[in-house]
Protein chains: 2
Amino acid sequence: MPTFDWIAFDADDTLWHTEHLYTQAQERLTQMLERYHPREWVERSLYATETRNMAHFGYGVKAFALSMIETAVELTEGRISGQEIRELIDTARAMLSAEVVLLDGVRETLSHLAARQRLMLITKGDLLDQESKIARSGLGEWFQAVEIVSDKTRASYLRLFQRHACAPERFLMAGNSLRSDILPVLEAGGSAVYIPYAATWAHEIAEAPAPGQTGFYQLDSIVQLPELIERLERGTA
Amino acid sequence: MPTFDWIAFDADDTLWHTEHLYTQAQERLTQMLERYHPREWVERSLYATETRNMAHFGYGVKAFALSMIETAVELTEGRISGQEIRELIDTARAMLSAEVVLLDGVRETLSHLAARQRLMLITKGDLLDQESKIARSGLGEWFQAVEIVSDKTRASYLRLFQRHACAPERFLMAGNSLRSDILPVLEAGGSAVYIPYAATWAHEIAEAPAPGQTGFYQLDSIVQLPELIERLERGTA
């Protein structure tokens, strides 16, 4: 009998590359504003605006676009041109229709695991954008459940456990964000596998759990996950 | 035994007032642009932009805000000021934190029905905004299930029937949009109660089902719903 009823995965930067879209958009904004402010200041202001707007706009590309526009207006004291605002909106549209590029080994890993366990996708952001990426990724068939949530907190994981009648200790989550995929799952009593991505948005940075914390594991790549799960099932991890 | 396993409700302009927030925001945009274009042209252009953006941005306040900004840039050929753009973003933030005002009789109706049947809330738009409105409405406790979807189509209702193991003929949906709450439910084999709201966004306008169509009912107010359901159960509707 498998140790876990559900193996859950984050999506952005766990299954497919996303962060580069935000980095490139931010790069465009810093270029646009370079005659007003140094790059570091633009980046810091954008992050401050995003953080301030989070309670209203939440996560995802549309929130990011509104924060980019607001930052552009603020940092130019209103001198940003209509053409440049339009370019920021075009950037958001391009982000929403960008090709979905999977991380190495994702397809094989999911196909291997799906033959033995139930897989769940848990992602936050814009509903339509996430649904569209799942469809375009071609990975949808591997997942028995897809949950798009407004935030990933201890409370939201507990709601998911209840919804899927899953005991916390029989739930394993894999993802690239300590703040969203790892710490709240451990707090909710589940197990979590941290698979760092090359770049992490400042908002998602958090301190790693203490070494040896129950239920916490770290891997370099998703392809190592089936072996870890097998070792956990054999009790040799 | 009740005729329906689930009574489902739309939220915006079925349980609480929403359309006035969009109307007021649009009014602000037409004022802002009145030195460039007549009101009708601004309204028509905004609607065209919203429709064009729908496949990318979906429904909700953030999509609406991006479309307002884009329309303002287009209709002024880029001469819109940074201050005005900021005002449009402020408008969106205000929409997202506006007081949730229930329609007359909603609380009593839900309380009455919830004592006898399972109630579901089905709404589309921004995930965070809809969750926040449900929380602020104080109505959350009446609903056994809350579903926030990216669109309301025959396919999305069929997915909900499956998710909740509900036979279509044992599902009744009440809402103010023929396009989203009524026609797709009837197509999926459910029953639907149309409760028109004073104002309807152009996108949601659709032709009413033919009189006498199986499963279709129309009421003036939500307070008439319990009586209709009782008549359906007695087979006298």
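What you are looking at is a predicted structure, and each value in this text was computed from that prediction instead of being measured.

So, how was this worked out
- Residues numbered from 1 in each chain as written.
- Chains lettered and ligands numbered in written order.
- Predicted model: local features only at pLDDT ≥ 70, side-chain atom pairs only at ≥ 80, totals over all residues.
- Pairing = 2+ DSSP bridges.
- Helix = DSSP H or I, 4+ residues; strand = E, 2+ residues; numbered from the N terminus.
- Right-handed = clockwise from strand over helix to strand, strands pointing away.
- Contact = placed C-beta atoms within 7 Å.
- Nonpolar A, V, L, I, M, F, W, Y, C, P; charged D, E, K, R; others polar.
- Domains from an automatic or database assignment.
- Buried ≥ 20, exposed ≤ 12 C-beta atoms within 10 Å, placed from the backbone.

Caption draft 1: Fine view of the pairing of strand 5 (residues 191-194) of chain B. All names here are of chain B. Bridge count between strand 4 (residues 171-175) and strand 5: four bridges; the pairing is parallel. Of the residues in strand 5, the one forming a bridge with A174 is V193. Crossover connection from strand 4 via helix 8 (residues 178-187) to parallel strand 5: handedness right-handed.

Caption draft 2: Here's a closer look at the interface of chain A and chain B. If you look at the interface, chain A gives 30 residues, while chain B gives 30 residues. Those elements that provide at least two residues to the side of chain A that touches chain B are helix 2 (39-57), helix 3 (61-75), helix 4 (82-96) and helix 6 (127-137) of chain A. Element by element, the count of residues in the side of chain A that touches chain B is highest for helix 4 of chain A, at eight residues. Tallied by class, residues from the side of chain A that touches chain B come to 14 nonpolar, nine polar and seven charged.

Caption draft 3: Geometry of the domain arrangement of chain A. All names here are of chain A. Its domain assignment divides chain A into domain 1 (6-16 + 102-234) and domain 2 (19-96). For domain 1 versus domain 2, the separation of C-alpha centres amounts to 29 Å. In this assembly, eleven residues from domain 1 lie in contact with eleven residues from domain 2. For the side of domain 1 that touches domain 2, the class distribution of residues is four nonpolar, three polar and four charged.

Caption draft 4: How the structure looks around unusual backbone geometry. Residues and elements named next belong to chain A. In this model, E77 sits at a positive phi of 45°, which is unusual for a non-glycine residue. Counting through the fold element by element, E77 comes out in the loop between helix 3 and helix 4. The exposure class of E77 is exposed, given the 10 C-beta atoms found within 10 Å.

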